[in-house]
Amino acid sequence: DFGLTRGEGLFRGLDTNRDNGIDVDEFSAGCQESFRMWKFGSGGLDSSTLQSYLTSIYDKADVDDDERLSRREMQFGAYLLTDFMVRQITSVLVADLDIDGDGLVGEAEIFERIKEYRRSKSPSLYAAITARDLFEQADTNHDGALDWGEAFMVGSWALHQNRYDT
């Protein structure tokens, strides 16, 4: 099973001292290294806030409270970590795109940001797509604006594309 194989690889990668369990330091260091590789950076968070979130995720995943994540607990931790990353990417994405600050992202705002990013020299999520394509795919309720849930789906897509630099 592909999912179990990837989970086993993740576990082995985080278990740096090879004691068949992942402590909070291994979890935190491994997650932060993965964030760098995935171009997640700090998710727009300062380092102490990020560390606090990672510790909280670790504590929730350590269901037996033995201060070591088993393989099974790590699977749950990976789910929590992915949810955290998508939520952070979504928050950064909405804050970046919501030019008028109304909490919704309109097509004109997306278009404006695409123009700005194309003028910059750094690659971004927006460089390879058009505003209309993104907006039409994301605006699932067809109300002319992206609410937080619709933006969450864009954030999830961005995470899986490994293309959003925070």
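Quick caveat: nothing in here was measured; it's all calculated off a predicted structure. (Residues numbered from 1 in each chain as written. Predicted model: local features only at pLDDT ≥ 70, side-chain atom pairs only at ≥ 80, totals over all residues. Heavy atoms only, no water.)

### Comments concerning the overall build of the protein chain
In step 1: A tally of helices and strands in the protein chain yields seven helices and zero strands.
In step 2: What you see in the protein chain, going N to C, is helices and strands ordered as α-α-α-α-α-α-α.
In step 3: Expressed as a percentage of the 166 residues in the protein chain, the buried residues total 39%.
In step 4: Residue pairs at least 24 apart in sequence account for 57% of intrachain contacts in the protein chain once pairs closer than 6 positions are excluded.
In step 5: Summed over its atoms, the accessible surface of the protein chain is roughly 9600 Å², and 53% of this surface lies on carbon and sulfur atoms. (Helix = DSSP H or I, 4+ residues; strand = E, 2+ residues; numbered from the N terminus. Buried < 20%, exposed > 50% of the residue type's maximum accessible area, 1.4 Å probe, protein only. Contact = heavy atoms within 4.5 Å. Areas by Shrake-Rupley, 256 points an atom, 1.4 Å probe, with all protein chains shown as cover.)

### A word on the packing of helix H3 (residues 47-61) against helix H4 (residues 71-97)
For any two helices packed against each other, one specifies the inter-axial angle together with the distance between the axes.
In step 1: It is the contact of H3 with H4, at a shortest axis distance of 8 Å, that shows an interaxial angle of 145°. Judged by the sense of rotation from one axis to the other, the crossing of H3 with H4 is right-handed. Together, Leu50, Tyr53, Leu54, Ile57, Lys60 and Ala61 of H3 and Glu73, Phe76, Gly77, Leu80, Leu81 and Phe84 of H4 make up the contact between the two elements.
In step 2: Among the residues forming the contact of H3 with H4, the class breakdown is nine nonpolar, one polar and two charged. (Axes fitted to C-alpha atoms, helices over the stretch in contact; angles between N-to-C directions. Left-handed = near helix turned anticlockwise from the far one by under 90°. Nonpolar A, V, L, I, M, F, W, Y, C, P; charged D, E, K, R; others polar.)

### A word on the pattern of salt bridges
In step 1: Scanning the entire structure with this criterion turns up one salt bridge.
In step 2: For the salt bridge of Arg68 with Asp19, the shortest nitrogen-to-oxygen distance reads 2.9 Å. Separated by 49 residues along the polypeptide, Arg68 in the loop between H3 and H4 and Asp19 in the loop between helix H1 (2-14) and helix H2 (24-37) bring together distant segments of the chain.
In step 3: Exposure remark for Arg68: the relative accessible area of 31% places this residue in the partly exposed category. (Salt bridge = Lys/Arg side-chain N within 4 Å of Asp/Glu carboxyl O.)

### Topic: the side chain of Glu109
In step 1: When you line up the elements, Glu109 lands in helix H5 (residues 107-119).
In step 2: Exposure remark for Glu109: the relative accessible area of 9% places this residue in the buried category.
In step 3: A polar side-chain atom of Glu109 sits 3.1 Å from the main-chain amide nitrogen of Asp100.
In step 4: Engagement of the side chain of Glu109 in a polar contact is seen with the backbone nitrogen of Gly106, the distance being 2.6 Å.
In step 5: The contacts of Glu109, once residues within four sequence positions are left out, are Leu97, Asp98, Ile99, Asp100 and Leu104. (Polar contact = N/O pair within 3.5 Å; in protein donor to acceptor, adjacent residues only side chain to side chain.)

### As for H3
In step 1: Here H3 contains 15 residues, and its C-alpha end-to-end distance of 21 Å stays within 8% of the 21 Å for a straight helix at 1.5 Å per residue.
In step 2: Three or more residues of H3 are buried, namely Leu50, Leu54, Ile57, Tyr58 and Ala61. Down the axis of H3, the buried side of the element spans an arc of 100°, and every buried residue falls inside it. Seen from the open side of H3, the exposed residues pointing more than 90 degrees away from its buried face are Ser48 and Lys60. (Expected span 1.5 Å × (residues − 1). Arc of directions from axis to C-beta.)

### A few points about the environment of Ile57
In step 1: In this structure, Ile57 sits in helix H3.
In step 2: Put simply, Ile57 and Val24 are 33 residues apart on the chain and 9.8 Å apart in space, counted from C-alpha to C-alpha.
In step 3: Excluding its chain neighbours within four sequence positions, the residues that come into contact with Ile57 are Phe27, Gly77, Leu80, Leu81 and Phe84.

### Focus on the confidence of the model for the protein chain
In step 1: In the predicted model, the protein chain carries a mean pLDDT of 76, and 72% of its residues have values of at least 70.
In step 2: Per-element confidence in the protein chain is highest for H3, whose mean pLDDT is 90, and lowest for helix H7 (residues 148-161), whose mean pLDDT is 65.
In step 3: Confidence drops under a pLDDT of 50 for residues 162-166, and excluding neighbours within four residues, the segment shows 23 contacts in the predicted structure. (pLDDT = per-residue confidence, 0-100.)

### Side note on the environment of Asp25
In step 1: Assignment of secondary structure puts Asp25 in helix H2.
In step 2: Sequence spacing of Asp25 and Leu14 is 11 residues, and the spatial spacing of their C-alpha atoms is 9.6 Å.

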